Amino acid sequence: MSSDLLVDLHDDLGGDDSPSASLDHLKLVPSKQWPPDDPFSLSKSASDIKSLSGTSHLPWDDPFYDIARHQIVEVAGDDNFGRKVIVFNACRMPPQHQLDHHKLLMYLKQTLDKYVESDYTLIYFHHGLTSENKPSLSWLRDAYREFDRKYKKNIKALYIVHPTMFIRTILILFKPIISFKFGRKINYINYLSELEEVLKCDQLVIPNRVREYDDKLRLSQKPSAVPGAISPPLSPPLPFQQFGVPLSTLRQRAANSEGIPQVMFNTVGFLQQHALQTEGIFRRSANVSLVKDVKQKYNSGEEVIFSQEDVHLAAVILKTFLRELPEPLLTFQLYNDIINFHNVDSRSWAETIRTMLTSLPEENYAALRFLIRFLAQVSAESEVNKMNNANLAVVFGPNLLWGQDAAMTLSAIGPINNFIRILLDQHQEVFTQ
């Protein structure tokens, strides 16, 4: 099938033997002038709007500012399997003559460098790649080769959203240099609804034109042919449900007198016993079927007992519990203060944080103190487990705070992670009781 496709393309394009020449003639999205995304409409969070200065999370004098301002590359927290999510938006790439593609590659590597020690997922939104902004075939080849084993080892999945004949042909042409193991990680996503099996789409800042294109695709198909076209009715919460339930409700089902939720109490207790010296704890993902089984047991009121081999599973369950809270542990109310915390003088960090946390509901404060004290224990063993405060902040930041629309961008994720790192650094002064 693959060889037949290439033969057909070869004949249709006039028999030119040059793959790059063939690719130049492949029909992409029509070369129309798309209206640029309004950077202030990318997220519905008022807090995001207030915190953004321009369209880049980098200062104007940063060497990658001219790349970052296009928001081609974004980070979006964790997926449903506990893996970091990196997003690449083709529609935000400007015309070729306005973009230094080598610099884009270096910026992508710099972004990945912060996450490649953990399991991660890459999502590529293909819609919007045109004859005007697509990179050359040689650049794509060099880009793949530039990403050595460090980057390929922990990428668990590459999701190509709205694939076209062009991108499928690219992968066929690249088959000789793409390893079999990496090839198995590539998945095609035809509709945004299919991404819900991977992560909650509302945590992604999906460009408007991608959403509009997805709507057009849906309208052109019969409802039964589109996965997720008809949403199933929401089930009422189970009597013992733990995931996706407000902390105020869970306080009544708490595992101890401090009101710590059962899931947090169990997983932290297990990890304290078995995982403090596990290298890369919280960086690995877990088998999705096992995660579902454990969640179902908790939600059904069944006892969950982890074995010593379940260290990474328990770690993922803890992160999943935090991420699925209806409101983040640090609350929407503190979002603006945390995003802008970099303006606080370092001499008053502990006092400022202590004051900020007084606004938390009692159950949130108790759970946060419980979690932070545990993470401080993990960090104390960082020479062995390689998880210092900065690494733990990268892992837990997006699971402790997000915007009210759940969308996460690099302009927000950096300040959030920085706040969590400072909280860990200052935890003894902050939690004085």
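Relevant structure appears above.
Residues numbered from 1 in each chain as written. Predicted model: local features only at pLDDT ≥ 70, side-chain atom pairs only at ≥ 80, totals over all residues. Heavy atoms only, no water.

Q: What is the right way to look at the packing of helix H13 (residues 288-299) against helix H14 (residues 311-323) in this model?
A: Helix packing for two helices is described by the angle between their axes and how far apart those axes are. Following both chains from N to C, one finds H13 and H14 inclined at 60°, their axes separated by 10 Å at the closest point. If you check the angle between H13 and H14, you find them oblique. Where H13 crosses over H14, the two elements pack in a sense that is right-handed. When H13 is examined against H14, the residues Leu290, Val291, Val294, Lys295 and Tyr298 are found in contact with a partner set consisting of Leu313, Val316, Ile317 and Thr320. Class assignment of the residues belonging to the contact of H13 with H14 gives a composition of 7 nonpolar, 1 polar and 1 charged. (Axes fitted to C-alpha atoms, helices over the stretch in contact; angles between N-to-C directions. Helix = DSSP H or I, 4+ residues; strand = E, 2+ residues; numbered from the N terminus. Parallel < 35°, antiparallel > 145°, perpendicular 65-115°, else oblique. Left-handed = near helix turned anticlockwise from the far one by under 90°. Contact = heavy atoms within 4.5 Å. Nonpolar A, V, L, I, M, F, W, Y, C, P; charged D, E, K, R; others polar.)

Q: What's the story with the pattern of salt bridges in this structure? I'm lost.
A: Should their charged atoms come close, side chains of opposite charge can pair. Counting across every chain of the model gives 17 salt bridges. The partner of lysine 103 in a salt bridge is aspartate 66, with the nearest N and O atoms 3.4 Å apart. A residue pair is termed long-range when its members are at least 10 positions apart, and lysine 103 in helix H5 (residues 101-113) and aspartate 66 in helix H4 (residues 65-68) qualify at 37 residues. The partner of arginine 141 in a salt bridge is aspartate 142, and the shortest N-O contact between them spans 3.8 Å. Since its relative accessible area comes to 32%, arginine 141 is described here as partly exposed. Taking relative accessible area as the criterion, aspartate 142 reaches 40% and is therefore assigned partly exposed. (Salt bridge = Lys/Arg side-chain N within 4 Å of Asp/Glu carboxyl O. Buried < 20%, exposed > 50% of the residue type's maximum accessible area, 1.4 Å probe, protein only.)

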